[in-house]
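The primary structure of each chain is shown beneath.
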Amino acid sequence: MKKSKYNAYISDEDQKFIKHLKNIGKEVEAIKKIRDITGLDLKEAKKYFDSI
């Protein structure tokens, strides 16, 4: 598990899946996944998404 600078833990497997969603243009789905895993609000989840 990796800890992001947003104090959220995301497993390596989930990070790979989120990166995959980003690479295929599924931004909304990726941000939803980040929010589900971390409990971040929309703004912070988007910042995290943009940082990967």
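Please refer to the structure placed before this passage.
This section reports on the structure supplied with the text. (Residues numbered from 1 in each chain as written. Predicted model: local features only at pLDDT ≥ 70, side-chain atom pairs only at ≥ 80, totals over all residues. Heavy atoms only, no water.)

## Re the packing of helix H1 (residues 12-23) against helix H2 (residues 27-38)
Then, number 1: One can describe the packing of H1 onto H2 by two numbers: an axis separation of 8 Å at closest approach and a directional angle of 155°. Classified by the angle their axes make, H1 and H2 are roughly antiparallel. Of the two possible hands of crossing, H1 and H2 adopt the one that is left-handed. Across the interface between the two elements, Asp14, Phe17, Ile18 and Leu21 of H1 pack against Glu29, Ala30, Lys33, Ile34 and Ile37 of H2.
Then, number 2: Here the residues of the contact of H1 with H2 sort into six nonpolar, no polar and three charged. (Axes fitted to C-alpha atoms, helices over the stretch in contact; angles between N-to-C directions. Helix = DSSP H or I, 4+ residues; strand = E, 2+ residues; numbered from the N terminus. Parallel < 35°, antiparallel > 145°, perpendicular 65-115°, else oblique. Left-handed = near helix turned anticlockwise from the far one by under 90°. Contact = heavy atoms within 4.5 Å. Nonpolar A, V, L, I, M, F, W, Y, C, P; charged D, E, K, R; others polar.)

## Topic: the side chain of Asp14
Then, number 1: Inspection of the secondary structure puts Asp14 in helix H1.
Then, number 2: The side chain of Asp14 is buried and forms no salt bridge, while Lys33, the nearest opposite charge, is found at 4.0 Å. (Buried < 20%, exposed > 50% of the residue type's maximum accessible area, 1.4 Å probe, protein only. Lys, Arg positive; Asp, Glu negative; His and termini not counted. Salt bridge = Lys/Arg side-chain N within 4 Å of Asp/Glu carboxyl O.)

## Some points on the pattern of salt bridges
Then, number 1: Inspection of the entire model under this criterion finds three salt bridges.
Then, number 2: In this structure, the salt-bridge partner of Glu44 is Lys47, at a minimum N-O distance of 3.4 Å. Of this pair, Glu44 and Lys47 are both found in helix H3 (residues 42-51), three residues apart, which corresponds to roughly one turn of the helix.
Then, number 3: Residue Lys46 pairs with Asp50 through a salt bridge whose shortest N-O separation is 2.8 Å. With Lys46 and Asp50 both in helix H3 and four residues apart, this pair spans about one turn of that helix.
Then, number 4: On the basis of relative accessible area, Lys46 is assigned to the partly exposed category, the value being 30%.
Then, number 5: Bridged by salt links that share partners, the residues Glu27, Lys46 and Asp50 form one connected network.

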